[in-house]
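# Architecture at a glance
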Amino acid sequence: MNLNDFLIWIVAFWCVFLLISLLRVPFNQIRGWLFVTIFILAVMAGIFYFAPEWTGFVGGSLWLIFVLLPLNGMRKANQLISAGRYAEARKLMAKLRWLHPADGWREQPALLRALEIGQRGDMAEALAILKRYQNNATSIGRNATVILYKMGARWEELLFWVRNDLSEKILFEDLGVSSYYLRALGETGDLNRLLQEFDRLERNLEKRGDPATVNTVRMFILAFCGQTEELQKSVSISLAMLPKNMRQFWLATAEMAAGNEEVARQQLLALHDEGDMGFRNAIALRLSQSRIDIQQVLTESSKQILSRVAIELKHEGKYGRAVLNDKKAYATYALILINLAVFCFTMYSLINSLGTEGFEGVLYRLGALEPGAFWAGEWWRALNATFLHAGFLHLGMNMMALYALGSFVERSLGIWRYLISYFTSGIGSMLVIAIIARYVPSQAQITVGASGAIMGLIGVMGAIMLSGWLREKSRVAAKNLKSILFIVVLQFLFDITHPQISIIGHNAGLIIGFLTGNLLVINWGKKK
(Lines give C-alpha, C1' and ligand atoms only; values in the text may rest on other atoms or scores of the structure.)
Protein backbone atom coordinates (compact mmCIF):
# COMPACT_ATOMS: atom_id res chain seq x y z
CA MET A 1 0.00 0.00 0.00
CA ASN A 2 1.34 3.44 -0.95
CA LEU A 3 0.54 6.89 0.39
CA ASN A 4 -1.95 7.62 -2.41
CA ASP A 5 -4.02 4.51 -1.59
CA PHE A 6 -3.91 5.31 2.11
CA LEU A 7 -5.15 8.87 1.54
CA ILE A 8 -7.99 7.64 -0.67
CA TRP A 9 -9.21 5.35 2.10
CA ILE A 10 -8.83 7.95 4.85
CA VAL A 11 -10.51 10.79 2.97
CA ALA A 12 -13.33 8.65 1.58
CA PHE A 13 -14.00 7.16 5.02
CA TRP A 14 -14.15 10.51 6.81
CA CYS A 15 -16.28 12.12 4.11
CA VAL A 16 -18.82 9.28 4.28
CA PHE A 17 -18.70 9.32 8.09
CA LEU A 18 -19.26 13.09 8.09
CA LEU A 19 -22.20 12.76 5.71
CA ILE A 20 -23.81 10.14 7.95
CA SER A 21 -23.27 12.37 11.00
CA LEU A 22 -24.79 15.36 9.21
CA LEU A 23 -28.03 13.49 8.59
CA ARG A 24 -28.92 14.15 12.25
CA VAL A 25 -28.70 17.94 11.85
CA PRO A 26 -31.22 20.27 10.13
CA PHE A 27 -30.19 21.14 6.57
CA ASN A 28 -30.11 24.90 7.14
CA GLN A 29 -27.45 24.44 9.82
CA ILE A 30 -25.05 22.25 7.84
CA ARG A 31 -25.55 23.04 4.14
CA GLY A 32 -21.96 24.32 3.91
CA TRP A 33 -20.57 21.06 5.28
CA LEU A 34 -22.75 19.05 2.93
CA PHE A 35 -21.51 21.01 -0.07
CA VAL A 36 -17.85 20.69 0.95
CA THR A 37 -18.08 16.94 1.62
CA ILE A 38 -19.93 16.12 -1.59
CA PHE A 39 -17.55 18.38 -3.55
CA ILE A 40 -14.47 16.52 -2.23
CA LEU A 41 -15.97 13.11 -3.06
CA ALA A 42 -16.99 14.30 -6.55
CA VAL A 43 -13.50 15.69 -7.26
CA MET A 44 -11.88 12.45 -6.09
CA ALA A 45 -14.20 10.38 -8.27
CA GLY A 46 -13.35 12.50 -11.33
CA ILE A 47 -9.60 12.38 -10.73
CA PHE A 48 -9.72 8.63 -10.06
CA TYR A 49 -11.19 8.13 -13.54
CA PHE A 50 -8.51 10.18 -15.34
CA ALA A 51 -5.42 10.02 -13.06
CA PRO A 52 -5.90 7.52 -10.20
CA GLU A 53 -2.31 7.96 -9.00
CA TRP A 54 -3.18 11.54 -7.92
CA THR A 55 -6.58 10.89 -6.37
CA GLY A 56 -5.43 10.53 -2.77
CA PHE A 57 -3.10 13.52 -2.85
CA VAL A 58 -5.70 15.89 -4.30
CA GLY A 59 -8.49 14.56 -2.07
CA GLY A 60 -6.22 14.67 0.96
CA SER A 61 -5.30 18.30 0.27
CA LEU A 62 -8.95 19.33 -0.12
CA TRP A 63 -9.89 17.40 3.02
CA LEU A 64 -7.07 19.06 5.01
CA ILE A 65 -8.02 22.58 3.91
CA PHE A 66 -11.82 22.43 3.92
CA VAL A 67 -12.59 19.79 6.58
CA LEU A 68 -9.74 19.06 9.00
CA LEU A 69 -8.53 22.63 9.52
CA PRO A 70 -12.05 24.11 9.99
CA LEU A 71 -13.16 21.31 12.35
CA ASN A 72 -10.07 21.52 14.54
CA GLY A 73 -10.10 25.30 14.33
CA MET A 74 -13.71 25.43 15.49
CA ARG A 75 -12.91 23.04 18.33
CA LYS A 76 -10.05 25.30 19.41
CA ALA A 77 -12.27 28.38 19.10
CA ASN A 78 -14.91 26.77 21.33
CA GLN A 79 -12.24 26.01 23.93
CA LEU A 80 -11.11 29.64 23.85
CA ILE A 81 -14.71 30.84 24.19
CA SER A 82 -15.30 28.50 27.15
CA ALA A 83 -12.19 29.96 28.78
CA GLY A 84 -13.42 33.52 28.17
CA ARG A 85 -10.55 34.29 25.74
CA TYR A 86 -12.80 36.04 23.25
CA ALA A 87 -10.09 38.11 21.51
CA GLU A 88 -8.09 35.02 20.58
CA ALA A 89 -11.25 33.18 19.49
CA ARG A 90 -12.28 36.15 17.31
CA LYS A 91 -8.91 36.25 15.53
CA LEU A 92 -9.06 32.51 14.88
CA MET A 93 -12.64 32.63 13.56
CA ALA A 94 -11.72 35.57 11.32
CA LYS A 95 -9.37 33.20 9.50
CA LEU A 96 -11.56 30.11 9.59
CA ARG A 97 -14.59 31.82 8.08
CA TRP A 98 -12.82 32.02 4.71
CA LEU A 99 -12.30 28.26 4.69
CA HIS A 100 -15.93 27.65 5.63
CA PRO A 101 -18.03 30.77 4.91
CA ALA A 102 -21.43 29.09 5.26
CA ASP A 103 -23.47 27.97 8.30
CA GLY A 104 -23.05 31.27 10.17
CA TRP A 105 -19.26 31.32 10.32
CA ARG A 106 -19.02 34.72 8.61
CA GLU A 107 -20.87 36.41 11.48
CA GLN A 108 -18.98 34.66 14.30
CA PRO A 109 -16.10 37.22 14.52
CA ALA A 110 -18.61 40.05 15.03
CA LEU A 111 -20.38 38.19 17.85
CA LEU A 112 -17.06 37.39 19.48
CA ARG A 113 -16.08 41.04 19.09
CA ALA A 114 -19.18 41.97 21.10
CA LEU A 115 -18.21 39.51 23.84
CA GLU A 116 -14.66 40.87 23.83
CA ILE A 117 -15.91 44.46 24.22
CA GLY A 118 -18.38 43.45 26.92
CA GLN A 119 -15.57 41.66 28.75
CA ARG A 120 -13.70 44.98 28.90
CA GLY A 121 -16.75 46.63 30.47
CA ASP A 122 -18.18 48.57 27.51
CA MET A 123 -21.58 46.90 27.65
CA ALA A 124 -23.34 49.61 25.60
CA GLU A 125 -21.20 49.01 22.52
CA ALA A 126 -21.33 45.22 22.97
CA LEU A 127 -25.13 45.27 23.16
CA ALA A 128 -25.32 47.52 20.12
CA ILE A 129 -23.34 44.98 18.06
CA LEU A 130 -25.47 42.07 19.24
CA LYS A 131 -28.70 43.90 18.50
CA ARG A 132 -27.66 44.28 14.85
CA TYR A 133 -27.70 40.50 14.51
CA GLN A 134 -30.75 39.85 16.69
CA ASN A 135 -33.12 37.82 14.51
CA ASN A 136 -35.39 34.90 15.36
CA ALA A 137 -35.27 33.51 11.82
CA THR A 138 -31.60 32.46 11.80
CA SER A 139 -29.41 30.46 14.17
CA ILE A 140 -26.83 33.25 14.37
CA GLY A 141 -29.58 35.75 15.16
CA ARG A 142 -31.02 33.58 17.92
CA ASN A 143 -27.51 33.10 19.26
CA ALA A 144 -27.09 36.87 19.48
CA THR A 145 -30.38 37.13 21.37
CA VAL A 146 -29.34 34.43 23.84
CA ILE A 147 -26.03 36.23 24.48
CA LEU A 148 -27.89 39.50 25.12
CA TYR A 149 -30.07 37.91 27.77
CA LYS A 150 -27.17 35.93 29.26
CA MET A 151 -24.85 38.95 29.60
CA GLY A 152 -27.52 40.82 31.51
CA ALA A 153 -28.62 37.77 33.55
CA ARG A 154 -32.13 38.45 32.20
CA TRP A 155 -33.37 34.90 32.49
CA GLU A 156 -37.07 35.68 32.94
CA GLU A 157 -37.00 37.62 29.67
CA LEU A 158 -35.22 34.74 27.93
CA LEU A 159 -37.97 32.37 29.03
CA PHE A 160 -40.65 34.78 27.81
CA TRP A 161 -38.87 35.07 24.43
CA VAL A 162 -38.56 31.28 24.00
CA ARG A 163 -42.16 30.60 24.96
CA ASN A 164 -43.75 33.38 22.92
CA ASP A 165 -41.47 34.02 19.91
CA LEU A 166 -39.96 30.63 19.07
CA SER A 167 -41.55 27.44 17.79
CA GLU A 168 -41.21 24.02 19.38
CA LYS A 169 -39.23 22.93 16.33
CA ILE A 170 -36.59 25.62 16.90
CA LEU A 171 -36.33 24.67 20.57
CA PHE A 172 -35.46 21.11 19.52
CA GLU A 173 -33.14 22.05 16.64
CA ASP A 174 -31.13 25.00 18.01
CA LEU A 175 -28.75 23.72 20.68
CA GLY A 176 -27.77 27.21 21.82
CA VAL A 177 -31.40 28.10 22.50
CA SER A 178 -32.34 24.79 24.15
CA SER A 179 -29.30 24.66 26.46
CA TYR A 180 -29.80 28.22 27.72
CA TYR A 181 -33.56 27.73 27.95
CA LEU A 182 -32.82 24.92 30.40
CA ARG A 183 -30.39 27.10 32.33
CA ALA A 184 -33.01 29.87 32.50
CA LEU A 185 -35.46 27.45 34.12
CA GLY A 186 -32.86 26.70 36.79
CA GLU A 187 -31.94 30.36 37.27
CA THR A 188 -35.59 31.24 37.87
CA GLY A 189 -36.05 28.38 40.36
CA ASP A 190 -38.41 26.25 38.26
CA LEU A 191 -36.54 23.03 39.08
CA ASN A 192 -39.29 20.53 38.27
CA ARG A 193 -39.80 22.12 34.86
CA LEU A 194 -36.02 22.13 34.35
CA LEU A 195 -35.79 18.39 34.96
CA GLN A 196 -38.91 17.52 32.98
CA GLU A 197 -37.82 19.64 29.99
CA PHE A 198 -34.33 18.18 30.10
CA ASP A 199 -35.83 14.70 30.07
CA ARG A 200 -37.80 15.74 26.97
CA LEU A 201 -34.86 17.40 25.18
CA GLU A 202 -31.98 15.16 26.30
CA ARG A 203 -32.01 12.66 23.42
CA ASN A 204 -32.11 15.51 20.94
CA LEU A 205 -29.20 17.27 22.66
CA GLU A 206 -27.17 14.05 22.56
CA LYS A 207 -28.08 13.44 18.93
CA ARG A 208 -27.28 16.91 17.59
CA GLY A 209 -24.68 18.21 20.02
CA ASP A 210 -21.25 17.29 21.25
CA PRO A 211 -20.70 15.66 24.66
CA ALA A 212 -19.33 18.93 26.09
CA THR A 213 -22.63 20.74 25.43
CA VAL A 214 -24.73 17.98 26.99
CA ASN A 215 -22.41 17.69 30.00
CA THR A 216 -22.59 21.45 30.55
CA VAL A 217 -26.39 21.25 30.72
CA ARG A 218 -26.10 18.35 33.17
CA MET A 219 -23.78 20.55 35.23
CA PHE A 220 -26.51 23.21 35.37
CA ILE A 221 -28.95 20.63 36.70
CA LEU A 222 -26.65 19.19 39.37
CA ALA A 223 -25.73 22.70 40.55
CA PHE A 224 -29.27 24.06 40.74
CA CYS A 225 -30.39 20.90 42.56
CA GLY A 226 -27.59 21.09 45.15
CA GLN A 227 -25.78 17.87 44.17
CA THR A 228 -22.38 19.05 45.44
CA GLU A 229 -20.64 15.66 45.65
CA GLU A 230 -21.69 14.53 42.18
CA LEU A 231 -20.80 17.92 40.68
CA GLN A 232 -17.37 17.91 42.35
CA LYS A 233 -16.58 14.59 40.69
CA SER A 234 -17.84 15.80 37.33
CA VAL A 235 -15.88 19.06 37.18
CA SER A 236 -12.65 17.16 37.78
CA ILE A 237 -13.19 14.85 34.77
CA SER A 238 -16.21 15.38 32.53
CA LEU A 239 -16.14 19.17 32.86
CA ALA A 240 -12.40 19.73 33.21
CA MET A 241 -12.39 21.79 29.99
CA LEU A 242 -14.24 24.64 31.73
CA PRO A 243 -12.12 27.53 33.07
CA LYS A 244 -11.37 27.40 36.80
CA ASN A 245 -13.53 30.38 37.76
CA MET A 246 -16.54 28.89 35.93
CA ARG A 247 -16.12 25.53 37.69
CA GLN A 248 -15.89 27.33 41.04
CA PHE A 249 -19.00 29.38 40.23
CA TRP A 250 -21.10 26.27 39.61
CA LEU A 251 -19.69 24.50 42.66
CA ALA A 252 -20.68 27.54 44.73
CA THR A 253 -24.13 27.41 43.14
CA ALA A 254 -24.46 23.78 44.24
CA GLU A 255 -23.32 24.67 47.76
CA MET A 256 -25.94 27.39 47.97
CA ALA A 257 -28.69 25.09 46.70
CA ALA A 258 -27.62 22.45 49.22
CA GLY A 259 -28.05 24.89 52.09
CA ASN A 260 -24.41 25.86 52.68
CA GLU A 261 -25.20 29.52 52.02
CA GLU A 262 -22.36 31.15 53.93
CA VAL A 263 -19.73 28.93 52.26
CA ALA A 264 -21.27 29.64 48.85
CA ARG A 265 -21.44 33.40 49.51
CA GLN A 266 -17.73 33.56 50.39
CA GLN A 267 -16.82 31.57 47.27
CA LEU A 268 -18.92 33.80 45.02
CA LEU A 269 -17.54 37.02 46.49
CA ALA A 270 -14.00 35.73 45.91
CA LEU A 271 -14.86 35.22 42.22
CA HIS A 272 -16.40 38.64 41.67
CA ASP A 273 -13.36 40.26 40.04
CA GLU A 274 -12.25 37.25 37.97
CA GLY A 275 -14.71 37.42 35.07
CA ASP A 276 -16.38 39.77 32.59
CA MET A 277 -19.50 41.84 33.11
CA GLY A 278 -21.76 38.89 32.28
CA PHE A 279 -19.97 36.74 34.86
CA ARG A 280 -20.31 39.47 37.50
CA ASN A 281 -24.00 39.83 36.70
CA ALA A 282 -24.42 36.07 37.20
CA ILE A 283 -22.70 36.30 40.60
CA ALA A 284 -24.86 39.24 41.64
CA LEU A 285 -28.00 37.35 40.70
CA ARG A 286 -26.88 34.28 42.61
CA LEU A 287 -26.15 36.31 45.75
CA SER A 288 -29.58 37.91 45.59
CA GLN A 289 -31.53 34.66 45.28
CA SER A 290 -33.35 32.94 48.13
CA ARG A 291 -32.61 29.29 48.81
CA ILE A 292 -35.10 26.68 47.61
CA ASP A 293 -35.73 23.59 49.72
CA ILE A 294 -34.80 21.00 47.08
CA GLN A 295 -36.28 17.99 48.86
CA GLN A 296 -39.60 19.71 49.40
CA VAL A 297 -39.86 21.13 45.88
CA LEU A 298 -38.84 18.19 43.70
CA THR A 299 -41.44 15.60 42.77
CA GLU A 300 -40.64 11.89 42.75
CA SER A 301 -40.35 11.82 38.96
CA SER A 302 -37.99 14.81 39.07
CA LYS A 303 -35.82 13.07 41.67
CA GLN A 304 -35.56 10.04 39.40
CA ILE A 305 -34.44 12.23 36.49
CA LEU A 306 -31.90 13.96 38.75
CA SER A 307 -30.47 10.60 39.82
CA ARG A 308 -30.16 9.56 36.18
CA VAL A 309 -28.37 12.81 35.26
CA ALA A 310 -25.73 12.16 37.93
CA ILE A 311 -25.25 8.59 36.69
CA GLU A 312 -24.91 9.70 33.06
CA LEU A 313 -22.25 12.26 33.95
CA LYS A 314 -20.40 9.52 35.83
CA HIS A 315 -20.62 7.28 32.74
CA GLU A 316 -19.32 10.09 30.53
CA GLY A 317 -16.31 10.34 32.79
CA LYS A 318 -15.81 6.58 32.68
CA TYR A 319 -16.62 5.65 29.08
CA GLY A 320 -16.64 8.89 27.10
CA ARG A 321 -14.05 11.32 25.82
CA ALA A 322 -13.97 12.98 29.22
CA VAL A 323 -11.67 10.22 30.50
CA LEU A 324 -8.95 11.75 28.31
CA ASN A 325 -8.93 14.82 30.58
CA ASP A 326 -8.08 12.76 33.63
CA LYS A 327 -4.31 12.25 33.41
CA LYS A 328 -1.36 11.86 31.07
CA ALA A 329 -0.87 8.63 29.14
CA TYR A 330 2.81 8.13 29.96
CA ALA A 331 2.99 4.45 28.93
CA THR A 332 1.52 5.28 25.51
CA TYR A 333 4.05 8.06 25.01
CA ALA A 334 6.84 5.67 26.01
CA LEU A 335 5.67 3.00 23.54
CA ILE A 336 5.55 5.56 20.74
CA LEU A 337 9.07 6.75 21.56
CA ILE A 338 10.37 3.15 21.60
CA ASN A 339 8.79 2.47 18.20
CA LEU A 340 10.30 5.66 16.78
CA ALA A 341 13.73 4.83 18.23
CA VAL A 342 13.61 1.30 16.80
CA PHE A 343 12.67 2.68 13.37
CA CYS A 344 15.55 5.16 13.49
CA PHE A 345 17.92 2.31 14.37
CA THR A 346 16.45 0.26 11.50
CA MET A 347 17.18 3.07 9.02
CA TYR A 348 20.67 3.50 10.51
CA SER A 349 21.33 -0.22 10.04
CA LEU A 350 20.07 -0.06 6.46
CA ILE A 351 22.39 2.84 5.65
CA ASN A 352 25.36 1.12 7.28
CA SER A 353 24.75 -2.06 5.29
CA LEU A 354 25.25 -0.02 2.10
CA GLY A 355 22.33 -1.80 0.50
CA THR A 356 23.83 -5.29 0.76
CA GLU A 357 21.01 -6.60 2.97
CA GLY A 358 18.07 -4.63 1.66
CA PHE A 359 15.31 -3.31 3.89
CA GLU A 360 13.73 -6.74 4.33
CA GLY A 361 17.08 -8.24 5.25
CA VAL A 362 17.66 -5.61 7.92
CA LEU A 363 14.20 -6.23 9.35
CA TYR A 364 14.90 -9.98 9.47
CA ARG A 365 18.22 -9.43 11.25
CA LEU A 366 16.62 -7.13 13.84
CA GLY A 367 13.88 -9.61 14.71
CA ALA A 368 11.05 -9.65 12.17
CA LEU A 369 8.75 -12.65 12.58
CA GLU A 370 9.63 -15.37 10.10
CA PRO A 371 7.79 -18.61 10.97
CA GLY A 372 10.68 -20.90 10.07
CA ALA A 373 13.16 -19.04 12.25
CA PHE A 374 10.60 -18.73 15.04
CA TRP A 375 10.01 -22.51 15.19
CA ALA A 376 13.76 -23.08 14.98
CA GLY A 377 14.06 -21.53 18.44
CA GLU A 378 14.16 -17.78 17.85
CA TRP A 379 11.16 -17.09 20.10
CA TRP A 380 12.20 -13.51 20.76
CA ARG A 381 11.03 -12.58 17.25
CA ALA A 382 7.40 -12.55 18.46
CA LEU A 383 8.29 -9.55 20.66
CA ASN A 384 10.84 -7.78 18.45
CA ALA A 385 8.55 -7.85 15.43
CA THR A 386 5.95 -5.71 17.25
CA PHE A 387 8.43 -2.80 17.35
CA LEU A 388 9.63 -3.03 13.74
CA HIS A 389 7.93 -1.28 10.81
CA ALA A 390 8.18 -1.61 7.05
CA GLY A 391 8.40 2.09 6.20
CA PHE A 392 7.47 5.63 7.18
CA LEU A 393 3.80 5.21 6.22
CA HIS A 394 3.47 1.95 8.15
CA LEU A 395 5.05 3.56 11.22
CA GLY A 396 3.02 6.76 10.94
CA MET A 397 -0.32 4.97 10.64
CA ASN A 398 0.39 2.74 13.62
CA MET A 399 1.68 5.53 15.85
CA MET A 400 -1.34 7.76 15.17
CA ALA A 401 -3.62 4.85 16.03
CA LEU A 402 -1.57 4.00 19.13
CA TYR A 403 -1.80 7.59 20.36
CA ALA A 404 -5.59 7.74 19.87
CA LEU A 405 -6.48 4.28 21.19
CA GLY A 406 -3.70 3.75 23.71
CA SER A 407 -4.42 7.02 25.48
CA PHE A 408 -8.00 5.97 26.16
CA VAL A 409 -7.20 2.41 27.30
CA GLU A 410 -4.31 3.51 29.52
CA ARG A 411 -6.34 6.23 31.22
CA SER A 412 -9.27 3.84 31.63
CA LEU A 413 -7.48 0.77 32.98
CA GLY A 414 -4.23 2.17 34.35
CA ILE A 415 -0.66 1.62 33.17
CA TRP A 416 -0.13 -2.01 34.16
CA ARG A 417 -3.39 -3.42 32.82
CA TYR A 418 -2.85 -1.38 29.68
CA LEU A 419 0.65 -2.81 29.13
CA ILE A 420 -0.65 -6.33 29.78
CA SER A 421 -3.32 -5.91 27.12
CA TYR A 422 -0.90 -4.30 24.65
CA PHE A 423 1.82 -6.93 24.83
CA THR A 424 -0.60 -9.85 25.12
CA SER A 425 -2.32 -8.75 21.92
CA GLY A 426 0.89 -7.88 20.06
CA ILE A 427 2.86 -11.01 20.94
CA GLY A 428 -0.27 -13.18 20.77
CA SER A 429 -1.07 -12.05 17.22
CA MET A 430 2.50 -12.90 16.14
CA LEU A 431 2.16 -16.36 17.72
CA VAL A 432 -1.09 -16.98 15.83
CA ILE A 433 0.63 -16.04 12.55
CA ALA A 434 3.50 -18.43 13.31
CA ILE A 435 1.14 -21.28 14.27
CA ILE A 436 -1.01 -20.92 11.17
CA ALA A 437 2.08 -20.69 8.95
CA ARG A 438 3.35 -23.98 10.40
CA TYR A 439 0.22 -25.95 9.55
CA VAL A 440 -1.06 -24.06 6.50
CA PRO A 441 1.47 -23.97 3.66
CA SER A 442 2.02 -20.43 2.38
CA GLN A 443 4.67 -18.36 0.69
CA ALA A 444 7.48 -17.58 3.16
CA GLN A 445 7.31 -13.96 4.35
CA ILE A 446 8.22 -11.83 7.32
CA THR A 447 5.78 -9.95 9.51
CA VAL A 448 6.44 -6.71 11.38
CA GLY A 449 4.45 -3.95 13.02
CA ALA A 450 2.48 -2.91 16.08
CA SER A 451 -0.83 -3.46 14.25
CA GLY A 452 -1.73 -6.61 16.19
CA ALA A 453 -1.22 -4.83 19.50
CA ILE A 454 -3.20 -1.82 18.27
CA MET A 455 -6.08 -3.99 17.07
CA GLY A 456 -5.91 -5.56 20.51
CA LEU A 457 -6.51 -2.13 22.02
CA ILE A 458 -9.65 -1.84 19.90
CA GLY A 459 -10.70 -5.20 21.32
CA VAL A 460 -10.04 -3.96 24.87
CA MET A 461 -12.09 -0.83 24.21
CA GLY A 462 -14.88 -3.06 22.93
CA ALA A 463 -14.70 -5.08 26.17
CA ILE A 464 -14.82 -1.89 28.27
CA MET A 465 -17.85 -0.56 26.38
CA LEU A 466 -19.61 -3.91 26.40
CA SER A 467 -19.11 -4.11 30.16
CA GLY A 468 -20.52 -0.63 30.60
CA TRP A 469 -23.53 -1.43 28.45
CA LEU A 470 -24.35 -4.78 30.08
CA ARG A 471 -23.50 -3.97 33.71
CA GLU A 472 -24.45 -0.32 34.01
CA LYS A 473 -26.80 0.20 31.06
CA SER A 474 -24.61 3.12 30.02
CA ARG A 475 -25.87 4.92 26.92
CA VAL A 476 -22.48 6.46 26.18
CA ALA A 477 -20.86 3.00 26.37
CA ALA A 478 -23.49 1.58 23.99
CA LYS A 479 -22.91 4.45 21.56
CA ASN A 480 -19.14 3.97 21.64
CA LEU A 481 -19.54 0.21 21.19
CA LYS A 482 -21.40 0.86 17.92
CA SER A 483 -18.56 3.12 16.78
CA ILE A 484 -16.00 0.41 17.61
CA LEU A 485 -17.95 -2.18 15.62
CA PHE A 486 -18.03 0.26 12.69
CA ILE A 487 -14.24 0.68 12.89
CA VAL A 488 -13.76 -3.10 12.99
CA VAL A 489 -15.88 -3.58 9.86
CA LEU A 490 -14.01 -0.79 8.08
CA GLN A 491 -10.64 -2.28 9.05
CA PHE A 492 -11.74 -5.70 7.76
CA LEU A 493 -12.73 -4.20 4.40
CA PHE A 494 -9.41 -2.35 4.27
CA ASP A 495 -7.49 -5.55 5.04
CA ILE A 496 -9.15 -7.72 2.38
CA THR A 497 -8.46 -5.10 -0.29
CA HIS A 498 -4.75 -4.89 0.60
CA PRO A 499 -3.15 -8.38 0.42
CA GLN A 500 0.17 -7.15 1.82
CA ILE A 501 -1.51 -6.50 5.17
CA SER A 502 -1.71 -9.39 7.62
CA ILE A 503 -5.44 -9.90 8.08
CA ILE A 504 -4.63 -12.88 10.33
CA GLY A 505 -2.50 -10.74 12.62
CA HIS A 506 -5.11 -7.99 12.81
CA ASN A 507 -8.00 -10.30 13.59
CA ALA A 508 -5.94 -12.33 16.05
CA GLY A 509 -4.91 -9.15 17.90
CA LEU A 510 -8.52 -7.96 17.96
CA ILE A 511 -9.85 -11.22 19.40
CA ILE A 512 -7.02 -11.60 21.93
CA GLY A 513 -7.48 -7.98 23.00
CA PHE A 514 -11.21 -8.46 23.47
CA LEU A 515 -10.74 -11.63 25.55
CA THR A 516 -7.94 -10.06 27.61
CA GLY A 517 -10.00 -6.91 28.08
CA ASN A 518 -12.93 -8.87 29.47
CA LEU A 519 -10.63 -10.39 32.09
CA LEU A 520 -9.06 -7.05 32.96
CA VAL A 521 -12.33 -5.17 33.46
CA ILE A 522 -13.82 -7.66 35.95
CA ASN A 523 -12.52 -5.92 39.09
CA TRP A 524 -11.97 -2.56 37.38
CA GLY A 525 -15.70 -2.17 36.88
CA LYS A 526 -16.30 -2.52 40.62
CA LYS A 527 -13.64 -0.03 41.67
CA LYS A 528 -14.63 2.84 39.40
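Residues numbered from 1 in each chain as written. Predicted model: local features only at pLDDT ≥ 70, side-chain atom pairs only at ≥ 80, totals over all residues. Heavy atoms only, no water.

It is worth spelling out the overall build of the chain at this point. Secondary structure assignment for the chain yields 27 helices and 0 strands. Relative to its 528 residues, the chain shows a buried fraction of 48%. A sequence separation of at least 24 residues applies to 67% of the contacts in the chain between residues at least 6 apart. Element-wise, carbon and sulfur atoms account for 62% of the exposed surface of the chain, whose accessible area totals about 25500 Å². Across the chain, the centroid of the 53 positively charged side chains sits 1 Å from that of the 41 negatively charged ones. (Helix = DSSP H or I, 4+ residues; strand = E, 2+ residues; numbered from the N terminus. Buried < 20%, exposed > 50% of the residue type's maximum accessible area, 1.4 Å probe, protein only. Contact = heavy atoms within 4.5 Å. Areas by Shrake-Rupley, 256 points an atom, 1.4 Å probe, with all protein chains shown as cover. Lys, Arg positive; Asp, Glu negative; His and termini not counted. Charge placed at Lys NZ, Arg CZ, Asp CG, Glu CD.)

Turning our attention to the packing of helix α23 (residues 392-413) against helix α25 (residues 451-472). To describe two helices that pack against each other, one gives the angle between their axes and the distance between the axes. Interaxial distance between α23 and α25 falls to 9 Å at its minimum, and their mutual angle equals 30°. The angle between α23 and α25 places the two elements in the roughly parallel class. Read as a crossing pair, α23 and α25 show a hand that is left-handed. Judged by residue contacts, H394, N398, A401, L402, L405, G406, F408, V409, S412 and L413 of α23 engage S451, I454, L457, I458, V460, M461, I464 and M465 from α25. Taken together, the residues of the contact of α23 with α25 break down into 13 nonpolar, 5 polar and no charged. (Axes fitted to C-alpha atoms, helices over the stretch in contact; angles between N-to-C directions. Parallel < 35°, antiparallel > 145°, perpendicular 65-115°, else oblique. Left-handed = near helix turned anticlockwise from the far one by under 90°. Nonpolar A, V, L, I, M, F, W, Y, C, P; charged D, E, K, R; others polar.)

On to unusual backbone geometry, then. In this structure, A153 is a non-glycine residue whose phi angle is positive, near 55°. Summarising the element assignment, A153 is placed in the loop between α7 (139-151) and α8 (155-165). Of note, the phi angle at K473 is positive, near 55°, even though the residue is not glycine. On the accessibility criterion, K473 (64% relative accessible area) is exposed.

This structure, assessed with the given rule, holds 18 salt bridges. The shortest N-O distance in the salt bridge between E116 and R113 comes to 3.7 Å. Placement of the pair is E116 and R113 together in helix α5 (residues 108-119), with a separation of 3 residues, close to one helical turn. Between E157 and R154 there is a salt bridge, with the nearest N and O atoms lying 2.9 Å from each other. Given the relative accessible area of 38%, E157 is considered partly exposed. Among the residues examined, R154 registers a relative accessible area of 32% and is labelled partly exposed. Beyond isolated ion pairs, a larger network of salt bridges with shared partners links D199, E202, R218, R308, E312 and R475. (Salt bridge = Lys/Arg side-chain N within 4 Å of Asp/Glu carboxyl O.)

A few words now on the nonpolar core. Ranked by internal contacts, the top residues of the largest apolar core, which has 55 residues, are L182 and L231. The dominant element in this core, judged by the number of residues it contributes, is helix α12 (residues 211-224), at 8 residues. (Core = buried A, V, L, I, M, F, W, Y, C linked by side-chain atoms within 4.5 Å.)

A separate point is α25. Taking 1.5 Å of rise per residue, 22 residues should cover 32 Å, and α25 covers 31 Å from first to last C-alpha, within 8% of that figure. Most of α25 is tucked away: 17 of the 22 residues are buried. Positive phi shows up at K473, right after α25, with a value of about 55°. (Expected span 1.5 Å × (residues − 1).)

Our focus in this paragraph is the packing of aromatic side chains. Taken as a whole, this structure holds 21 aromatic pairs when the rule is applied. Taking 6.5 Å as the distance between ring centres and 50° as the angle between the ring planes, the aromatic pair formed by Y180 and F220 counts as tilted. One end of the pair, Y180, is in helix α10 (residues 175-187); the other, F220, is in helix α12, and 40 residues separate them in sequence. Pairing F224 with W250 gives two aromatic rings, centres 5.4 Å apart and planes at 90°, and the pair type is edge-to-face. Residue F224 is found in helix α12, and its partner W250 is found in helix α14 (residues 244-257); the two are separated by 26 residues along the sequence. For the pair F224 and W250, one class covers both residues: buried. Joined through ring pairs, the aromatic side chains of W155, Y180, F220, F224, F249 and W250 make up one cluster. Looking at R183, its charged tip hangs above the ring of F220, at a distance of 5.6 Å from the centre. Above the plane of the ring of Y364 lies R381, whose end atom (NZ or CZ) is 4.1 Å from the centre. (Phe/Tyr/Trp six-rings, centres within 6.5 Å; stacked < 30°, edge-to-face > 60°. Lys NZ or Arg CZ within 6 Å of the ring centre and 35° of its normal.)

As a further point, take the environment of T497. Note on placement: T497 falls in the loop between α26 (475-496) and α27 (503-527). For T497, a relative accessible area of 45% corresponds to the partly exposed category. Separated by 150 residues in the primary sequence, T497 and M347 have C-alpha atoms spaced 28 Å apart.

Attention now goes to the environment of L313. Note on placement: L313 falls in helix α18 (residues 300-319). Assessed through its relative accessible area of 1%, L313 is described here as buried. For the pair formed by L313 and Q79, sequence separation is 234 residues and the distance between their alpha carbons is 20 Å.

Our next topic: the packing of α12 against α14. It is at 7 Å that the axes of α12 and α14 come closest, and there the two elements cross at 35°. Taking contact as the criterion, the partners of M219, F220, L222, A223 and F224 in α12 are, on α14, W250, T253, A254 and A257. Tallied by class, the residues present in the contact of α12 with α14 amount to 8 nonpolar, 1 polar and no charged.

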